Amino acid sequence: MKFTSAAAIAALSGLSAARQCQNITVEVDVSARNGVFNQTTPVTNIDVTNFLLNLVQAGKNYTAATLEGYATVSGKYQLATTYCEPDSGNASTVQLLTHGIGFDRSYWDLSFNNYNYSYSCEAVDQYGFATFSWDRLGIAQSQHGEAVNEIQAWLEVDALRELTEQLRNGSIAAIGKKYEKVVHVGHSFGSQHTYALTAMYPGISDGIALTGFSQNGSAVCGVPEFALGGGFIQANTVAALSDYPNGYLASATPSSVQVNFFSPGAFDPEILALAYSTGQPVTVGELLTFGGETGSINHFAGPTIIVTGERDTPYCGGNCYALSPSIPQLAFATIPDAKNPQAVVIPNAGHGLNLEYSHPLTYKTINDYFMQNVGAGSTAGSTAGLNNGRGGRGGRGGRRGGRGPQ
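So, here is what we can say about the structure in this document. (Residues numbered from 1 in each chain as written. Predicted model: local features only at pLDDT ≥ 70, side-chain atom pairs only at ≥ 80, totals over all residues. Heavy atoms only, no water.)

1. Let's talk about the pairing of strand β3 (residues 93-98)
Moving on, step 1. Extensive coverage of β3 is indicated by the burial of 6 of its 6 residues.
Moving on, step 2. Neither face of β3 is left uncovered, since the one carrying Thr93, Gln95 and Leu97 and the one carrying Val94, Leu96 and Thr98 both have all their residues buried.
Moving on, step 3. Relative to strand β5 (residues 181-187), β3 runs parallel, the two sharing 6 bridges. Each bridged residue has a counterpart across the sheet, and for Leu96 the counterpart in β5 is His184. (Buried < 20%, exposed > 50% of the residue type's maximum accessible area, 1.4 Å probe, protein only. Helix = DSSP H or I, 4+ residues; strand = E, 2+ residues; numbered from the N terminus. Pairing = 2+ DSSP bridges.)

Structure (structure tokens):
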């Protein structure tokens, strides 16, 4: 296993005009029932492509075909996180942010255009929430691991559970407080983690926002499009990702990233270059297990909003209105007890919502919903929604250079 020490990321912290942020290394003690798969770790890019072709073959379930049994994976892992709070420090609600495939925690705090695309800036500065983002277990600056039978979806879900509990009980010393309310925001695979977490522990969250999400992606061929359109290769054949072991897969070109995350004409070309140069990989084990996360009925009874781009490829096949009333709306059939359920389709947006021109609408939609249904607990939140300007953002100091995390 590999981990980038806290000292190596200490210089990444910074302050904004209206928020205080710090990078924190958090140790989690996790345990999950992982699958044991008869799947060799890909070594060459031909091996990678063969795996993906097997994974998406119509009429067959490659996960089930290669599953030999289960084994409990347990241990302590080091996670890279970033915590931001209003200058006043009096937020009573923290948003726990989980990124998806291809990104790291900076998906929520992009430095592009003077942090104008930063979700964390919006949530903290304009609404008075605190935010807590993390690099998923196995990814970016969090501890890495074996790519087939260790770094899988359910181990990451248990890490999310542990982080939630630490935020509630005040055991993260650098934060120095207990949070009365924790809401969860996910993107894509991170939304699936959020869904799985609240299905297993319905009382663990005070509200959830599932972005870049639906329950019907496979019905309109979104998953095969994502797996094959992503142009995945061995991550360690890319210079900036060379420290990853075999079995971590990354997109080969900017065009591959565009296919999976961007809607035509809906983004700045420079942000596509950023998304590629700072992209992160996915493990074979994650791809073999991500489908099971949303396979059960979720009886979470708290506020729930789904926000997905109209042109989302993996979860809508490029058209969220291909089914009626909309593909995201249909997902509430599996979250029947949700309080004040809302499904919002962002016009002309793709899967990478935070990176597109429509990001102000995405951010406002999520934070307005939480303000109305949960509350932030900070005086900053009293003026939220009245200030529609997004200029003049400060942020954390520059994130990593090169093709490290996004």
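2. Section: the packing of aromatic side chains
Moving on, step 1. Scanning the entire structure with this criterion turns up 17 aromatic pairs.
Moving on, step 2. With a centroid separation of 6.4 Å and an interplanar angle of 65°, the aromatic rings of Tyr83 and Tyr179 are classed as edge-to-face. Here Tyr179 lies in the loop between α6 (153-169) and β5 and Tyr83 lies in strand β2 (residues 67-86), a separation of 96 residues in the sequence.
Moving on, step 3. With relative accessibility at 1%, the residue Tyr83 sits in the buried group.
Moving on, step 4. For Arg33, the ring lying beneath its charged end belongs to Tyr70, and the centroid distance is 3.5 Å.
Moving on, step 5. Across the ring face of Tyr179, the terminal group of Lys177 is positioned such that the distance to the ring centre comes to 4.5 Å. (Phe/Tyr/Trp six-rings, centres within 6.5 Å; stacked < 30°, edge-to-face > 60°. Lys NZ or Arg CZ within 6 Å of the ring centre and 35° of its normal.)

3. Some thoughts on the state of the cysteines
Moving on, step 1. All chains considered together, the criterion is met by 2 disulfides.
Moving on, step 2. Disulfide pairing places Cys21 opposite Cys84 at an S-S distance of 2.1 Å. Looking along the S-S bond of the Cys21-Cys84 disulfide, the torsion reads about 115°, which is the right-handed sense. One end of the pair, Cys21, is in strand β1 (residues 19-37); the other, Cys84, is in strand β2, with 63 residues separating them in the sequence.
Moving on, step 3. The buried category is assigned to Cys21, whose relative accessible area is 7%.
Moving on, step 4. Along the chain, the cysteines that take part in disulfide bonds pair up as 1-2, 3-4, counted in sequence order.
Moving on, step 5. Lacking any disulfide linkage, Cys121 is separated from the closest cysteine sulfur, that of Cys21, by 7.1 Å. (Disulfide = S-S within 2.5 Å.)

4. Quick word on the sheet that holds β1
Moving on, step 1. Taking strand neighbours across the sheet as the criterion, the 8 strands line up as β1-β2-β4-β3-β5-β6-β10-β11 in an open arrangement whose pairing is mixed. Both outer strands of the open sheet, β1 and β11 (339-346), are each paired with one neighbouring strand and no more. The average undirected angle you get between the axes of adjacent strands in this sheet is 20°.
Moving on, step 2. Bridge count between β2 and strand β4 (residues 130-134): 4 bridges; the pairing is antiparallel. From the neighbouring strand, Thr82 faces β4, where its bridge partner is Ser133.
Moving on, step 3. Across the sheet, α6 is in contact with β1, β2, β3, β4 and β5; its angle to β1 comes to roughly 140°.
Moving on, step 4. Helix-sheet contacts for helix α14 (residues 359-373) involve β3, β5, β6 (208-211), β10 (303-309) and β11, and the interaxial angle to β11 is about 170°. (Axes fitted to C-alpha atoms, helices over the stretch in contact; angles between N-to-C directions. Contact = heavy atoms within 4.5 Å.)

5. A look at the layout of surface pockets
Moving on, step 1. In this structure, the largest pocket spans a volume of roughly 980 Å³.
Moving on, step 2. Around the largest pocket, the lining is made up of 41 residues, and of these Thr63, Leu287, Phe290, Gly291 and Gly292 lie nearest the centre.
Moving on, step 3. Those elements giving two or more residues to the lining of the largest pocket turn out to be β1, α3 (62-66), β2, α7 (189-200), α8 (222-229), α11 (284-289) and α12 (313-316). (1 Å grid on protein atoms, 1.4 Å probe; cavity = no way out; pocket = protein on both sides within 12 Å on 5 of 7 lines; lining within 4 Å. Points joined across faces, edges and corners; volume = space filled by probe spheres on them.)

6. Side note on empty space enclosed by the protein
Moving on, step 1. With the rule as written, the count across this model stands at 2 cavities of 30 Å³ or more.
Moving on, step 2. Of the voids in this model, the largest cavity is the one considered here, and its volume is about 100 Å³.
Moving on, step 3. Forming the boundary of the largest cavity are 16 residues, of which Gly102, Ser251, Val257, Phe261 and Gln280 lie nearest the centre.
Moving on, step 4. Looking at the lining of the largest cavity, the elements with two or more residues in it are β8 (248-251) and α9 (254-261).
Moving on, step 5. It is β8 that provides the largest number of residues to the lining of the largest cavity, a total of 3 residues.
Moving on, step 6. By residue class, the composition of the lining of the largest cavity is 11 nonpolar, 4 polar and 1 charged.
Moving on, step 7. In this model, the second largest cavity occupies a volume close to 50 Å³.
Moving on, step 8. Lining the second largest cavity are 10 residues; nearest its centre among them are Thr82, Cys84, Ser120, Thr131 and Ser133.
Moving on, step 9. Going through the elements one at a time, β2 and β4 are the ones with two or more residues in the lining of the second largest cavity.
Moving on, step 10. With 3 residues, the top contributor of residues to the lining of the second largest cavity is β4. (Nonpolar A, V, L, I, M, F, W, Y, C, P; charged D, E, K, R; others polar.)

7. Re the environment of Pro303
Moving on, step 1. Of note, Pro303 is situated in strand β10.
Moving on, step 2. In this structure, the C-alpha to C-alpha distance between Pro303 and Asn340, residues 37 residues apart in sequence, is 5.6 Å.

8. Quick notes on α14
Three or four residues apart is the spacing at which side chains of an α-helix point the same way, because the helix has 3.6 residues per turn.
Moving on, step 1. Relative to the 21 Å expected for 15 residues at 1.5 Å per residue, α14 spans 21 Å between its end C-alpha atoms, a close match to the ideal helical length.
Moving on, step 2. Inspection of α14 places His359, Thr362, Tyr363, Thr365, Ile366, Asn367, Asp368, Tyr369, Phe370 and Asn373 among the buried residues, and these make up the whole buried set.
Moving on, step 3. Just downstream of α14, Gly375 is the residue with a positive phi angle, here 95°. (Expected span 1.5 Å × (residues − 1).)

9. Let's talk about the pairing of β8
Moving on, step 1. Burial along β8 is two-sided: the face carrying Tyr248 and Ala250 and the face carrying Leu249 and Ser251 are both buried.
Moving on, step 2. Pairing of strand β7 (residues 232-234) with β8, which is carried by 3 bridges, proceeds in the antiparallel orientation. When the sheet's bridge partners are listed, Gln234 is paired in β8 with Leu249.
Moving on, step 3. Note: β8 against strand β9 (residues 282-283), 2 bridges, orientation antiparallel.

Purely geometric stuff here, so don't read any function into it on its own.
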